[in-house]
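Take a look at the letters that make up each chain.
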Amino acid sequence: IEISKTKVMASDSMKKPFGVGGRVITFHTWDFGGQKEYYATHQCFITPATLYLLIFSLQNGESGLDELRVWLGNISARAVGSTVLIIGTYLDKVSEQECRRLLEEVNNRIHRWGFGNESTVLIPVITAVSCEQDAEWRRTVEKLSEAIVREAENMKYKKKAVLGQLIPNSYFELMEVINKLKVRYEKEHRIAVVQEEELWGIIRGITACDDIDTEFQFAAATDLMHNLGIILHFKE
């Protein structure tokens, strides 16, 4: 899994009561390896409150579409109600007619498989892009970027908007310390794993986190960071 961070401006139409409109949205991007050898590990990294992008190659025709079912099943089993965008790549390598046919086939299969609803996963976008530098193809990526921002702004978790939530300052302080710890572990070639007691020790060492002093507050902070992809918290 390759992890990166991208910042974009929120859309002008986003007028949330918390003043998010016009501010920066930070995406923590987790790029999963698509090879079958990695399938068994993916379940450990699927979290709710996450926007998923499923990518398939239009060049493979219908032969690669069934693999979408595996991913959709995995996500709906572990992060029910999540939003999934399905994107076909190499648009410049197939005809317009073939692209349209394949996207329609994806849509038909999604309904046959029973996905595309709140009890499984939401799939508001099925589209195709090309990464060629020609202006016409670049526009397909720009439209996808706009769709990603739009769907992120519309995302809900437990019936509440994901963006615009008020979060205690202590959580931000803890996230900052954890991010620095991950960087240090990486430089030292250490696996970034801490036991729960170690995490309690980290929290107690942060003056600004003195409000995280009960099991309930600890669970709330770790659940939020888990859902945001800052940490992976395995309770068992």
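Heads up: the structure comes first, above all this text.
Given the structure is predicted, the values throughout are model-derived calculations rather than measurements.

(A) Up close: the packing of helix α6 (residues 196-204) against helix α7 (residues 215-228). Interaxial distance between α6 and α7 falls to 12 Å at its minimum, and their mutual angle equals 95 degrees. By the angle between their directions, the pair α6 and α7 is classed as roughly perpendicular. From α6, Glu196, Leu199, Trp200 and Ile203 reach across to α7, where they touch Glu215, Phe218 and Thr222. Tallied by class, the residues present in the contact of α6 with α7 amount to four nonpolar, one polar and two charged.

(B) Representation of the packing of aromatic side chains within the structure. One pass over the full model with this rule turns up two aromatic pairs. Judged by centre distance (6.1 Å) and plane angle (85 degrees), the ring pair of phenylalanine 32 and tryptophan 71 falls under edge-to-face. In this pair, phenylalanine 32 is assigned in the loop between β2 (24-31) and α1 (39-42) and tryptophan 71 in helix α2 (residues 66-78), connecting sequence segments 39 residues apart. Like tryptophan 71, phenylalanine 32 is buried. Here the aromatic rings of tryptophan 200 and phenylalanine 218 are separated by 4.6 Å at their centres, their planes lie at 15 degrees, and the arrangement is stacked. A residue pair is termed long-range when its members are at least 10 positions apart, and tryptophan 200 in helix α6 and phenylalanine 218 in helix α7 qualify at 18 residues. Judged on exposure class, the residue tryptophan 200 and its partner phenylalanine 218 are both buried.

(C) The pattern of salt bridges, seen in detail. Summed over all chains, the structure comprises 13 salt bridges. The shortest N-O distance in the salt bridge between glutamate 62 and arginine 109 comes to 3.0 Å. Taken together, the residues span a long stretch of sequence, with glutamate 62 in the loop between β3 (51-57) and α2 and arginine 109 in helix α3 (residues 96-113) at a distance of 47 residues. On the accessibility criterion, glutamate 62 (33% relative accessible area) is partly exposed. By relative accessible area, arginine 109 is classed as buried at 9%. In this structure, the salt-bridge partner of arginine 139 is glutamate 146, at a minimum N-O distance of 3.2 Å. Residue glutamate 146 is classed as partly exposed on the basis of its relative accessible area, which comes to 42%.

(D) Structural detail: the state of the cysteines. Throughout the structure, instances matching the rule amount to zero disulfides. Considering cysteine sulfurs only, cysteine 131 is the nearest to cysteine 99, which forms no disulfide, with 14 Å between them. The exposure class of cysteine 99 is buried, given its relative accessible area of 9%.

Conventions we followed
- Residues numbered from 1 in each chain as written.
- Predicted model: local features only at pLDDT ≥ 70, side-chain atom pairs only at ≥ 80, totals over all residues.
- Heavy atoms only, no water.
- Axes fitted to C-alpha atoms, helices over the stretch in contact; angles between N-to-C directions.
- Helix = DSSP H or I, 4+ residues; strand = E, 2+ residues; numbered from the N terminus.
- Parallel < 35°, antiparallel > 145°, perpendicular 65-115°, else oblique.
- Contact = heavy atoms within 4.5 Å.
- Nonpolar A, V, L, I, M, F, W, Y, C, P; charged D, E, K, R; others polar.
- Phe/Tyr/Trp six-rings, centres within 6.5 Å; stacked < 30°, edge-to-face > 60°.
- Buried < 20%, exposed > 50% of the residue type's maximum accessible area, 1.4 Å probe, protein only.
- Salt bridge = Lys/Arg side-chain N within 4 Å of Asp/Glu carboxyl O.
- Disulfide = S-S within 2.5 Å.

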